[in-house]
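Chain by chain, the residues:
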Amino acid sequence: MINPQHLRDNTEALKQSLLTKGVDAGEFDNYVALDQKWRAVTQETEVLQQERNASIPKGKPSPEEQTKLAELSKSVKAKQAELQVVAEELKTKAMEIPNAPLPDVPVGKDESENKVIREVGTPRKFDFEPKSHEVLAEELGWLDMERATKISGSRFALFMGAGAKLERVLTQFMLDKHTTEHGYTEVQAAALVQSSALEGTGQLPKFADDLYRMEGLDLWLSPTAEVQLTNLYQGEILEGPSLPLRYVAHAPCFRKEAGSYGKDMKGIIRNHQFDKVELVQFVRPEDSSAGLEKLLGHAEAILQALELPYRVVELCTGDLGFSAAKTYDLEVWFPSQNAYREISSCSNFLDFQARRAMIRYKEEGKVSGYVHTLNGSGLAVGRTFAALLENSQTDTGNINHPRALVPYLGQENAIV
RNA sequence: GGAGAGUUGGCAGAGUGGUCGAAUGCGGUGGUCUUGAAAACCAUUGAGGCUUCACGGUUUCCAGAGGUUCGAAUCCUCUACUCUCCGCCA
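Everything numeric here is computed off the predicted structure, so don't read it as measured data.

1. Let's talk about the domain arrangement of chain A
Split into domains, chain A comes out as domain 1 (4-96) and domain 2 (111-414). With centres defined by C-alpha atoms, the gap from domain 1 to domain 2 works out at 41 Å. With 6 residues of domain 1 at the contact, the number on the domain 2 side is 11 residues. Interface of domain 1 and domain 2: buried area, both sides summed, is about 690 Å²; carbon and sulfur atoms make up 54% of it. At the junction of domain 1 and domain 2, the tally comes to 0 salt bridges. For the pair domain 1 and domain 2, the interface holds 5 residue pairs in polar contact (both at pLDDT 80 or more). Among the elements that take part in the side of domain 1 that touches domain 2, helix H4 (residues 63-96) stands out by supplying 3 residues, more than any other. By residue class, the composition of the side of domain 1 that touches domain 2 is 3 nonpolar, 1 polar and 2 charged.

Okay, structure coming up:
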């Protein structure tokens, strides 16, 4: 949620900033007007309440006093009802306004204007035609996309045998690295979450169409463990000295992928369900910028350890997600597509999510304000699986696993 | 799934429809004392909103949402959660 104080003090600057993110000018003006109306009605309500409170005598009121109080009470209630309507309208509106980008984010309208920050590792030169991950995996018997369709329909994976093991091992490798080297606490959370949690991180109310919902229940399949992890502290006041708090979770992620018909239909790049290792941090506001760079480094460390070539891209204003103020995507090289594809997204949300989820912190016994939240994939496991296959394939259709996985796969399995 | 009990400030725990934002204890903060610390003693200590340059003013909040009443932490209804017992179960 946008800081309402900031909205009032810097209305025009905020508007300009949000316009670069694609917010409609009329919608914004509407929001500002609603905020003004709400403040006015709040004032009116308080005046009436004050009048009523001042008229309440000590002890039991006399009949005349009761009559007077009844009148006052009636007018207060009428005003309160009016206020409630306005407040709900405002709340609805406020929940639909996205976060403003940080000033240093490049302005642009869509992903074509994203900025490549650096490329790490060199895409391998093949002396044969590299196969796509889905072809490799089907040939090796590691993936069975056809039978997956029988069970669950399109866009679902079925990992088999050594493929299933590799998927599991990748997850474990990532978790181990983040917990032992990067200082994250491992969390295993439920995949089903309530709407309040999704509102906290920003998936709701606007993006309900992308989510699976349990019939007749206020339970949804979480699209990312960012939801579970960030809402760990929903409604809490954290101790300043305990910050930053870092959590990592491995969780299945569920997305309808509405509107992506025909995109990435082969393989496991874009499935309705996929596993992801997610990093979330709660930090003091002054630490969030540096924190994002560190978190990005933690995600990069996985790619480096797996010897995968990748690049870091900073999203332009128009491509930023709803809640994010700044985002770096990590894109890994896919030889079969001759392209870099997103494998991680690391964002700074400032106090946007904390404000929605009511996550504050205190310093020396006093509430200091909202924390800043950061998150990033570290990494999407399915895409890592696919990238690993494509980049490590041999001309005989086998896979050379990176050295980092030897302790997990065993020496004899390291080179297949 | 059935039966019962509960949910109050950071924690524990009072609270009979008006004098309750709420006793008391612990904890926190500041101070006195002390070479220093502990102990003891004194003071202070919930959160949000609106308003104000500021001091301050004001309002709301006793799980959540409704209701009764001139007036609700206290009465009623629903929901969520916790605990105990029974049943079922990986």
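That was the structure; now back to the text.
2. Some remarks on unusual backbone geometry
Most peptide bonds adopt trans geometry, and most residues besides glycine take a negative phi value. The peptide bond linking Leu-204 to Pro-205 adopts the cis configuration, its omega dihedral lying at 5°. Of note, Pro-205 is situated in the loop between helix H8 (195-201) and strand S4 (212-213). In this chain, Gly-378 is followed by Leu-379 through a cis amide linkage whose omega measures 5°. The topology assignment puts Leu-379 in strand S14 (residues 372-380). With a phi angle near 60°, Glu-307 is a residue other than glycine that sits in the positive phi range. Checked against the element boundaries, Glu-307 lands in the loop between helix H10 (288-305) and strand S9 (310-314). At Met-358, a position not held by glycine, the phi torsion is positive, near 55°. Its location among the elements puts Met-358 in the loop between helix H11 (352-357) and strand S12 (360-363).

3. Considerations on the pattern of salt bridges
In total, this model carries 20 salt bridges according to the counting rule given. For Asp-35, the salt bridge goes to Arg-8, with nearest N and O atoms at 2.8 Å. Here the residue Asp-35 occupies a position in helix H3 (residues 25-55), and Arg-8 occupies one in helix H1 (residues 4-9), the gap between them amounting to 27 residues. Since its relative accessible area comes to 24%, Arg-8 is described here as partly exposed. Measuring nitrogen to oxygen at the nearest pair gives 3.3 Å for the salt bridge that ties Glu-257 to Arg-270. Taken together, the residues Glu-257 in the loop between strand S7 (245-254) and strand S8 (273-283) and Arg-270 in the loop between S7 and S8 connect sequence positions 13 residues apart. What you see here is one network of salt bridges that share partners, running through Glu-257, Asp-264, Arg-270 and Arg-341.

4. Things to note about the packing of helix H7 (residues 161-180) against helix H12 (residues 381-392)
The geometry of H7 relative to H12 is characterised by a closest axis approach of 10 Å and an angle of 115° between their N-to-C directions. Here H7 lies roughly perpendicular to H12, going by the angle between them. Seen along the crossing, H7 lies across H12 with a hand that is right-handed. Residues Gly-163, Leu-166, Glu-167, Leu-170, Thr-171 and Met-174 of H7 form the contact with H12, whose own contacting residues are Val-381, Gly-382, Thr-384, Phe-385, Leu-388 and Leu-389.

5. A short note on the protein's contact with RNA strand B
If you check the shell around RNA strand B, you find 20 residues, and the closest are Arg-8, Arg-39, Gln-43, Glu-46 and Arg-52. The sugar-phosphate share of atoms of RNA strand B within 4 Å of the protein amounts to 73%. Contacts to RNA strand B include Arg-8, whose side-chain N or O atom sits 2.4 Å from a phosphate oxygen. Measuring from a phosphate oxygen of RNA strand B, one finds a side-chain N or O atom of Ser-73 at 3.1 Å. Of all the secondary-structure elements, those providing two or more residues to the surface near RNA strand B are H3 and H4. Among the elements that make up the surface near RNA strand B, the one with the highest residue count is H3 (8 residues).

6. Some words on the sheet that holds S4
Taken in spatial order, the 3 strands line up as S3-S5-S4 in an open sheet, and their pairing is antiparallel. What marks the edges here is a single partner per strand, and that holds for strand S3 (192-193) and S4. Strand direction decides the pairing type here: S4 and strand S5 (residues 220-221), joined by 2 bridges, are antiparallel. What sits directly across from Tyr-212, in S5, is Leu-221.

7. Describing the side chain of Thr-384
With respect to the helices, strands and loops of the structure, Thr-384 is situated in helix H12. Those residues within four positions of Thr-384 in sequence are excluded, and the remaining contacts are Leu-170, Met-174, Leu-306, Leu-308, Ile-343 and Leu-379.

8. Quick look at H10
Taking 1.5 Å of rise per residue, 18 residues should cover 26 Å, and H10 covers 26 Å from first to last C-alpha, within 8% of that figure. Along H10, the residues that are buried comprise Ser-288, Gly-291, Leu-292, Leu-295, Leu-296, His-298, Ala-299, Glu-300, Ala-301, Ile-302, Leu-303 and Ala-305. Downstream of H10 by one or two residues, Glu-307 has phi in the positive range, about 60°.

Definitions and cut-offs
- Residues numbered from 1 in each chain as written.
- Chains lettered and ligands numbered in written order.
- Predicted model: local features only at pLDDT ≥ 70, side-chain atom pairs only at ≥ 80, totals over all residues.
- Heavy atoms only, no water.
- Domains from an automatic or database assignment.
- Contact = heavy atoms within 4.5 Å.
- Buried area = accessible area lost by both parts, 1.4 Å probe.
- Salt bridge = Lys/Arg side-chain N within 4 Å of Asp/Glu carboxyl O.
- Polar contact = N/O pair within 3.5 Å; in protein donor to acceptor, adjacent residues only side chain to side chain.
- Helix = DSSP H or I, 4+ residues; strand = E, 2+ residues; numbered from the N terminus.
- Nonpolar A, V, L, I, M, F, W, Y, C, P; charged D, E, K, R; others polar.
- Buried < 20%, exposed > 50% of the residue type's maximum accessible area, 1.4 Å probe, protein only.
- Axes fitted to C-alpha atoms, helices over the stretch in contact; angles between N-to-C directions.
- Parallel < 35°, antiparallel > 145°, perpendicular 65-115°, else oblique.
- Left-handed = near helix turned anticlockwise from the far one by under 90°.
- Near = heavy atom within 4 Å.
- Pairing = 2+ DSSP bridges.
- Expected span 1.5 Å × (residues − 1).

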